[in-house]
Amino acid sequence: MFRKNDWKFDWSELMTGVIFLVVAYFLFKKPGVALSGFVMVIALAAIIRGIAKLSAYRHLREDTGIRAIFMLINAILDIILGFLFIFNVPVGIISISYVFAAWFLVDAIVGLLNVGHLKQFNLFLYVVSIILDILGIVVGLLLLMNPVVTAVTLATLVGFYFAILGVNAIVIAFARRM
């Protein structure tokens, strides 16, 4: 079902992972950063993530079939969300806690739906990716359940999630090479 030999080292996933880890570092280091600057950084990260997903879509479609359509839809939503936040910062500020909760949940669920192809590369990295996606779902649910606390602690929670996404993207980049 899955064809290991068609995949190569995934540079777009590696770059996404590194960028997300850098974003996470700055969110942990400077949690009091201006909210509008925060919205812009997140918007750029969403656009980059969407482009990275689009670049992997063809291979994923060949390996997972129709399930890859969720990745395509998710990539397009990431890009739209990013541009919405760039061009309308007040909307981003007002809706950020709900949007992040939904974004994180969808991203982690899509990751779980498409993680099966990693099993052919390395069982350990497959399991690590599943664990990271489950952690992403937990963080997304926490963001959704308590938006007031989310707004207060957003930088830390989002930093944690970007660290998870970054590590997971790097794991996927190396797993596809094996």
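Residues numbered from 1 in each chain as written. Predicted model: local features only at pLDDT ≥ 70, side-chain atom pairs only at ≥ 80, totals over all residues. Heavy atoms only, no water.

## Some thoughts on the side chain of R49
Using the following cut-off: In this text, helices come from DSSP runs of H or I with a minimum length of four residues, and strands from runs of E with a minimum of two, each type numbered from the N-terminal end. Only heavy atoms matter for contacts: two residues are in contact if any of them lie within 4.5 Å across the pair.
Residue position: R49 is located in helix α2 (residues 35-64). Not counting the four nearest positions on each side in its chain, R49 is found in contact with E13, T16, F20, D78, D107, L165 and A169.

## Points about the pattern of salt bridges
Here is the rule we go by: A pairing counts as a salt bridge when a side-chain nitrogen of Lys or Arg comes within 4 Å of a carboxyl oxygen of Asp or Glu. Classification of residues uses two cut-offs on accessible area relative to the type maximum, computed with a 1.4 Å probe and protein chains only: under 20% is buried, over 50% is exposed, and between them is partly exposed.
Tallying each qualifying case throughout the model produces 5 salt bridges. Among the salt bridges present, the one from D78 reaches K53, with a minimum N-O distance of 2.8 Å. Of this pair, D78 sits in helix α3 (residues 68-87) while K53 sits in helix α2, and the two are 25 residues apart along the sequence. Overall, K53 belongs to the buried group, its relative accessible area being 2%. A cluster of three or more residues bridged by salt bridges with shared partners is formed by E13, R49, K53, D78 and D107.

## Points about the packing of aromatic side chains
Spelled out, the test is: The pairing test for Phe, Tyr and Trp rings, Trp by its six-membered ring, is centres within 6.5 Å, and the orientation test on the planes gives stacked under 30 degrees, edge-to-face over 60, and tilted for anything in between.
A complete count under the given rule lists 7 aromatic pairs for this structure. A centroid spacing of 6.1 Å and a plane angle of 10° characterise the contact between F83 and F87, whose relative ring orientation is stacked. Taken together, the residues F83 and F87, both in helix α3 and 4 residues apart, mark about one turn of the helix. By relative accessible area, which is 39% here, F83 ends up partly exposed. Classification of F87 as exposed rests on a relative accessible area of 68%. The interplanar angle of 70° and the centroid separation of 6.1 Å between the aromatic rings of W103 and F162 together place this pair among those described as edge-to-face. One end of the pair, W103, is in helix α4 (residues 89-114); the other, F162, is in helix α6 (residues 147-175), with 59 residues separating them in the sequence. Of the two residues, W103 and F162, both sit in the buried class.

## Quick word on the nonpolar core
Nonpolar side chains in soluble globular proteins tend to be buried together. So the rule is basically this: Definition of nonpolar core: a set of buried residues of the types Ala, Val, Leu, Ile, Met, Phe, Trp, Tyr and Cys, connected through side-chain atoms within 4.5 Å.
Counting residues in hydrophobic clusters, the biggest one holds 40 residues, and the most contacted among them are F38, F100, W103, F104, V158 and F162. Going through the elements one at a time, α1 (11-29), α2, α3, α4, α5 (123-145) and α6 are the ones with two or more residues in this core. When residues of this core are assigned to their parent elements, the largest contribution, 10 residues, is made by α6. Apart from the residues within four sequence positions on either side, F100 is in contact with F38, I42, L143, L154 and V158. Listed in part, the 5 residues of the second largest apolar core include L60, A68, M71 and V110.

## Observations concerning the environment of A46
Locating A46 in the fold gives a position in helix α2. On the accessibility criterion, A46 (1% relative accessible area) is buried. On a C-alpha basis, the gap between A46 and D78 in space is 5.1 Å, while along the polypeptide they are 32 residues apart. In this view, A46 contacts D78, I79, G82 and W103; residues no more than four positions away in its chain are not counted.

## Here's the deal with α3
Operational definition: Multiplying 1.5 Å by the helix residue count minus one yields the expected span of that helix. Comment: arc refers to directions from the helix axis out to C-beta atoms.
In this model α3 runs 29 Å from its N-terminal to its C-terminal C-alpha over 20 residues, within 8% of the 28 Å that 1.5 Å per residue would give. Burial in α3 covers these residues: A68, M71, N74, A75, D78, I79, L81, G82 and F85. For α3, the angular spread of the buried residues around the axis is 160°, confining them to a single face. In α3, those exposed residues whose orientation departs by more than 90 degrees from the buried face are I80 and F87.

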